[in-house]
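# Geometric and topological summary
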Amino acid sequence: VQLQAYGGGLVQAGGSLRLSCAASGRTFMGWFRQAPGKEREFVAAIRWSGGSTYYADSVKGRFTISRDNAKNTVYLQMNRLKPEDTAVYYCAATRGSYSRSAREYEYWGQGTQVTVSS
């Protein structure tokens, strides 16, 4: 499974960004983020078959994870961004069950920086 994430950038608070991650051969796709000096944390996940979605409380109602089967791509639409959303965002994949633990994801893409200015 190869992952390629892109779409990060600099945005003002209240703005939006959409991250994309091309992947294949997975059951669950997840987005995680890691801010400087902090542990990598779960953001959202989606079951490839069926499309069930899961979110961290901190992003619920602002972020939306979705997938495009034809393009083998998962998206993270981030709206109403806050400075505390600033982090390196990673997409990840697992052939296992849903999990919020980064350790349960076998495959990782390179990170993409998201910076939200106040």
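Let me sum up the structure you'll find in this document. Note that the structure is a prediction, hence the values are computed from the model and not measured. (Residues numbered from 1 in each chain as written. Predicted model: local features only at pLDDT ≥ 70, side-chain atom pairs only at ≥ 80, totals over all residues. Heavy atoms only, no water.)

## Things to note about the sheet that holds strand β8 (residues 73-78)
The strand order β1-β3-β8-β7 describes an open sheet built from four strands, whose pairing is antiparallel. The two strands at the open ends of the sheet, each matched to only one other strand, are β1 (4-6) and β7 (63-68). Neighbour-to-neighbour, the strand axes of the sheet open up by a mean angle of 15°, direction not taken into account. With three bridges connecting them, β1 and strand β3 (residues 17-22) associate as antiparallel partners. Bridge pairing in β3 links glutamine 4 to alanine 22. (Pairing = 2+ DSSP bridges. Helix = DSSP H or I, 4+ residues; strand = E, 2+ residues; numbered from the N terminus. Axes fitted to C-alpha atoms, helices over the stretch in contact; angles between N-to-C directions.)

## Here's the deal with the side chain of serine 99
Position of serine 99 among the secondary structure elements: in the loop between β9 (87-94) and β10 (107-108). When neighbours within four sequence positions are excluded, serine 99 is seen to be in contact with Phe42, Glu104 and Tyr105. (Contact = heavy atoms within 4.5 Å.)

## Some points on the state of the cysteines
With the rule as written, the count across this model stands at one disulfide. The disulfide partner of cysteine 21 is cysteine 91, and the gap between their sulfur atoms is 2.1 Å. Between cysteine 21 and cysteine 91, the S-S torsion sits near 55°, and that sign places the bridge as right-handed. Of this pair, cysteine 21 sits in strand β3 while cysteine 91 sits in strand β9, placing them 70 residues apart in sequence. As far as the burial class goes, cysteine 21 and cysteine 91 line up, both buried. (Disulfide = S-S within 2.5 Å. Buried < 20%, exposed > 50% of the residue type's maximum accessible area, 1.4 Å probe, protein only.)

## Digging into the pattern of salt bridges
Per the stated rule, a full pass over the model turns up four salt bridges. One salt bridge connects arginine 33 with aspartate 85, and the closest N-O pair in it is separated by 2.9 Å. Of this pair, arginine 33 sits in strand β4 (residues 28-34) while aspartate 85 sits in the loop between β8 and β9, and the two are 52 residues apart along the sequence. Exposure class is identical for arginine 33 and aspartate 85. Each is buried. For the salt bridge of aspartate 85 with arginine 62, the shortest nitrogen-to-oxygen distance reads 2.7 Å. Taken as a pair, aspartate 85 in the loop between β8 and β9 and arginine 62 in the loop between β6 (53-55) and β7 lie far apart in primary sequence, 23 residues in all. The exposure classification of aspartate 85 matches that of arginine 62, with both residues buried. A cluster of three or more residues bridged by salt bridges with shared partners is formed by Arg33, Glu41, Arg62 and Asp85. (Salt bridge = Lys/Arg side-chain N within 4 Å of Asp/Glu carboxyl O.)

## Regarding the environment of glutamine 113
Within the secondary structure, glutamine 113 is located in strand β11 (residues 112-117). Sequence separation between glutamine 113 and glycine 8 is 105 residues; the distance between their C-alpha atoms is 5.2 Å. Ignoring sequence-local partners within four residues, the contact set of glutamine 113 consists of Gly8, Gly9, Thr86, Ala87 and Val88.

## Some remarks on the pairing of β11
Where burial is concerned, the two faces of β11 differ: the one with Thr112, Val114 and Val116 is buried and the one with Gln113, Thr115 and Ser117 is not. Two elements, strand β2 (residues 9-12) and β11, share four bridges in a ladder whose sense is parallel. Paired with valine 11 across the bridge in β11 is valine 116. Looking at chain direction, β9 and β11 are connected through three bridges and run antiparallel. The partner of alanine 87 across the bridge, within β11, is valine 114.

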